[in-house]
Amino acid sequence: MENFDPNTNESTYLQLILDEQDGNISVNDAQKLSDWRKLTTENEELYQLFLSYFTNLDLLDTYRKLDTESSLSVLHSKMGLSDFPPVKKTKILSLKVSRWAAAAAILVVGLMITIYFSAPRMVTLTSNNNEAIHFTLPDGSKITLNAGSKITYYSADFNHSRKLELVKGECFLEVVHNGKYPFSIEHHNIVVKDIGTSFNIGSTDGHLTVSVNEGEVSINKNDANFVMVNLKAGELANYNFSQDKIAKGIIQDPNYKAYADHHLIFNNATLAEVAKSLALAYHQKVVIEDSLLKNRRFTAEFKKKSLNNIITVVCKALQLEQTTKGQTIYLKKK
Amino acid sequence: MSTVFEDQKILNEISIQNRQVFDKLYRQYYKKLFTISYKYLRREEMAEEVVHDVFIKIWNLAGKIKLSYSLSGYLSRAVVNASLNLLKRDRITTVHIELSECDDRENETELNDAEILENQLLALEKAILRLPGQCQKVLLMSKFDKLKQQEIAEQLGISIKTVKNHLTYGYKKLRENLEHAIIIVFFITIVYRSFLY
């Protein structure tokens, strides 16, 4: 604090201003300050300048504590409500509280709900290309729609006629059991009938793959009476539309539904497999820059971890370095 | 640096409900818009409400907005006007508002209060960081922790006289630092405007 003399004229009055701010100024000093302010316009300007610093410091304090992301999610939920009032009224979707904000955000754009007001009302659920979305169907069954997917159903009588149509893409279903009203999902002429289970169904270029996580499903053609195959937990079936052939097998990829639950299992998996599974589960590209690395092996289990978190662990374990450019993560040797 | 053309492109995207663009816009402007509104209203929940209302309006009416200057200026003005209207409506009397600030702003072209305020705050923060350690600490305790001089003296185990000296020195130094900063900001503004037009 060299070159600083607290007894100069200006410093004296600055101290009075500070005392006044502090709410701790004597009547005498208050008068002194008031007189000084009236003396010249410069004094008054100086007084106002310091007041503006006090104000701005208060504002800076507030500014620094602002949380843009939480404010944004509140905004999304406000918009979700006002943009889609029919959704709320008819309770087509009852969203999990913990995911409420995120889901509401997705409602705005990622999810387009088209409701035709002619009875029976058809509901279309569409996800965008970057993220999977979760919702609860009118009967309480849960559905996770993978990115770039679309399903439709009729909302009017869903509880008595539990039928979905997979228009494109993939979804994971956790069906609430109801013996009286069976649950089914169709894709073209294939009907998958479910008997209180959870299973995954996805279509890719001319193939439909059904993988059962729990319980049992039957795969039927044309209508629900012609059974092609029954599947139990851990089994999958692949139907080829052009050849009209169905193949039954055992689920090999433990991560087939990781986009839905972010539960990833790597059992002595190659880095190439790890990268592929992560990309499918999190909808972000993971590129291995050195082809020699692709056959390195990795074993671990992740439950509901963020992609970043997992990448960090993988990098530590295999001594890799990661860089992110846009939506793509690059892995290379340290 | 944005141009009116680019801003119009942003609005076009939002008018076709491009959420990514909308969210990006929000992330870019939320803090400064909240702060300018808070400067007037002094109530956080009201300031938040004002900013949200403006963005909801943008989301719904982006296609109908005609920019006469930058989007940044438009947002700032929308938030300031909404805040002032709220003040008038609720007749909130507050010492924080100078009468001149409530004047009608019809004749102004590119007056971006939100950006100006944000620049002031960032300059202030920089200036604070340049203060010597103990002096900075005392100043922050007095403003951010809202402690009285006596309380600071007790917490730091120093005399109240020393606290006063730190504060006096600190504010004088802030003023010096900021006066340099103002010249720079002025210069940048000139360059920025000549770039725009």
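Rules of the game
Residues numbered from 1 in each chain as written. Chains lettered and ligands numbered in written order. Predicted model: local features only at pLDDT ≥ 70, side-chain atom pairs only at ≥ 80, totals over all residues. Helix = DSSP H or I, 4+ residues; strand = E, 2+ residues; numbered from the N terminus. Contact = placed C-beta atoms within 7 Å. Buried ≥ 20, exposed ≤ 12 C-beta atoms within 10 Å, placed from the backbone. pLDDT = per-residue confidence, 0-100. Nonpolar A, V, L, I, M, F, W, Y, C, P; charged D, E, K, R; others polar. Pairing = 2+ DSSP bridges. Expected span 1.5 Å × (residues − 1). Axes fitted to C-alpha atoms, helices over the stretch in contact; angles between N-to-C directions. Parallel < 35°, antiparallel > 145°, perpendicular 65-115°, else oblique. Core = buried A, V, L, I, M, F, W, Y, C linked by C-beta atoms within 7 Å. Left-handed = near helix turned anticlockwise from the far one by under 90°.

**Some remarks on the overall build of chain A**
Right, on to step 1. Helices and strands together make up the secondary structure of chain A, namely 9 helices and 20 strands.
Right, on to step 2. Considering only intrachain contacts with a sequence separation of at least 6, the fraction spanning at least 24 residues in chain A is 42%.

**Let's talk about the environment of Ile151 of chain A**
Residue and element names in this part refer to chain A.
Right, on to step 1. As for its placement among the helices and strands, Ile151 is situated in strand S5 (residues 150-154).
Right, on to step 2. For Ile151, a count of 24 C-beta atoms within 10 Å puts it in the buried group.
Right, on to step 3. In this structure, Ile151 is in contact with Leu125, Leu145, Leu164, Glu165, Leu166, Val167 and Cys171, ignoring residues within four places of it in sequence.

**Focus: the confidence of the model for chain A**
Residues and elements named next belong to chain A.
Right, on to step 1. Residues at a pLDDT of 70 or more form 84% of chain A, whose mean pLDDT is 81.
Right, on to step 2. For chain A, helix H5 (residues 85-90) is the element with the lowest average pLDDT, namely 32, and strand S7 (residues 170-174) is the one with the highest, namely 93.
Right, on to step 3. Under a pLDDT of 50 for its full length, residues 81-97 has, in the predicted model, 20 contacts with residues more than four places off or in other chains.

**Section: the interface of chain B and chain A**
Right, on to step 1. With 34 residues of chain B at the contact, the number on the chain A side is 30 residues.
Right, on to step 2. Broken down by secondary-structure element, the contributors of at least two residues to the side of chain B that touches chain A are helix H2 (19-41), helix H3 (44-61), helix H5 (113-129) and helix H8 (160-196) of chain B.
Right, on to step 3. Sorting elements by how many residues they give to the side of chain B that touches chain A places H2 of chain B first, with 10 residues.
Right, on to step 4. Taken together, the residues of the side of chain B that touches chain A sort by class into 14 nonpolar, 8 polar and 12 charged.

**Looking at the pairing of strand S15 (residues 245-250) of chain A**
All names here are of chain A.
Right, on to step 1. The element S15 is largely exposed, with a buried count of 0 among its 6 residues.
Right, on to step 2. Looking at chain direction, strand S14 (residues 235-240) and S15 are connected through 6 bridges and run antiparallel. Across the sheet, residue Asn240 finds its bridge partner in S15, namely Lys245.
Right, on to step 3. The loop that links S14 with its antiparallel partner S15 comprises 4 residues; one of these, Asp244, has a positive phi angle of about 55 degrees.

**A closer look at helix H1 (residues 9-22) of chain A**
All names here are of chain A.
Right, on to step 1. Taking 1.5 Å as the rise per residue, H1 with 14 residues should run 20 Å; its terminal C-alpha atoms sit 20 Å apart, in good agreement.
Right, on to step 2. Every buried residue of H1 is listed here: Tyr13, Leu14, Gln15, Leu16, Ile17 and Leu18.
Right, on to step 3. Gly23, located one to two residues past H1, shows a positive phi value of around 70 degrees.

**Quick notes on the packing of helix H2 (residues 27-39) of chain A against helix H3 (residues 41-65) of chain A**
Residue and element names in this part refer to chain A.
Right, on to step 1. Remark: H2 packs on H3, axes separated minimally by 5 Å, with the N-to-C direction vectors making an angle of 120 degrees. When the axis of H2 is compared with that of H3, the two are oblique. Residues Trp36, Arg37 and Leu39 of H2 form the contact with H3, whose own contacting residues are Asn43, Glu44 and Tyr47.
Right, on to step 2. In the contact of H2 with H3, the residues fall into 3 nonpolar, 1 polar and 2 charged.

**What to know about the sheet that holds S15 of chain A**
Residues and elements named next belong to chain A.
Right, on to step 1. Taken together, the 7 strands give an open sheet; going across it, the order is S3-S4-S7-S10-S11-S14-S15, and neighbouring strands pair in antiparallel fashion. On the outer flanks of this sheet lie strand S3 (133-136) and S15, each paired with one strand and no other. Strand-to-strand, the axes of this sheet are offset by a mean angle of 15 degrees, without reference to chain direction.

**Let's talk about the sheet that holds strand S20 (residues 328-333) of chain A**
Residues and elements named next belong to chain A.
Right, on to step 1. In spatial order, the strands read S17-S20-S19; together these 3 strands make up an open sheet with mixed pairing. One side of each edge strand has no neighbouring strand; the edge strands of this open sheet are strand S17 (285-288) and strand S19 (320-325). Going across the sheet, the axis of each strand differs from the next one's by a mean of 25 degrees, ignoring polarity.
Right, on to step 2. For S19 and S20, the ladder comprises 6 bridges, and the chain directions are antiparallel.

**So, the environment of Val80 of chain B**
All names here are of chain B.
Right, on to step 1. Note on placement: Val80 falls in helix H4 (residues 71-90).
Right, on to step 2. Along the primary structure Val80 and Asn112 are separated by 32 residues, whereas in three dimensions their C-alpha atoms are 9.7 Å apart.
Right, on to step 3. Aside from chain neighbours lying at most four places away, what touches Val80 is Ile36 and Asp113.

**Remarks on the nonpolar core**
Right, on to step 1. Grouped together as the largest cluster of nonpolar side chains are 56 residues, with contacts concentrated most on Leu33, Val51, Val54, Leu75 and Val79 of chain B.
Right, on to step 2. Looking at this core, the element that brings in the most residues is H2 of chain B, giving 11 residues.
Right, on to step 3. Excluding its chain neighbours within four sequence positions, the residues that come into contact with Val51 of chain B are Tyr30, Leu33, Phe34, Ser37 and Val79 of chain B.
Right, on to step 4. Listed in part, the 53 residues of the second largest apolar core include Val217, Val274, Ala281 and Val314 of chain A.

**Let's talk about the packing of H2 of chain B against H3 of chain B**
Residues and elements named next belong to chain B.
Right, on to step 1. At their nearest, the axes of H2 and H3 sit 8 Å apart, and the two run at 140 degrees to each other. As far as their axial angle goes, H3 and H2 are oblique. Both H2 and H3 take part in a crossing whose hand is right-handed. Taking contact as the criterion, the partners of Phe22, Tyr26, Tyr30, Leu33, Phe34, Ser37, Tyr38 and Leu41 in H2 are, on H3, Glu44, Met46, Ala47, Glu48, Val50, Val51, Phe55 and Trp59.
Right, on to step 2. When its residues are assigned to classes, the contact of H2 with H3 shows 13 nonpolar, 1 polar and 2 charged.

**Quick look at unusual backbone geometry**
All names here are of chain A.
Right, on to step 1. Residues other than glycine seldom take positive phi values, yet His283 does so here, at roughly 55 degrees.
Right, on to step 2. Summarising the element assignment, His283 is placed in the loop between helix H8 (271-282) and S17.
Right, on to step 3. Within the chain, Gln319 stands out as a residue other than glycine whose phi angle is a positive 55 degrees.
Right, on to step 4. Take Gln319: it is sitting in the loop between helix H9 (307-318) and S19.

**What about the environment of Val4 of chain B?**
All names here are of chain B.
Right, on to step 1. Secondary-structure assignment places Val4 in helix H1 (residues 4-15).
Right, on to step 2. On a C-alpha basis, the gap between Val4 and Ser68 in space is 8.2 Å, while along the polypeptide they are 64 residues apart.
Right, on to step 3. When residues no more than four places from it in sequence are discounted, the contact partners of Val4 are Leu67, Tyr69 and Ser70.

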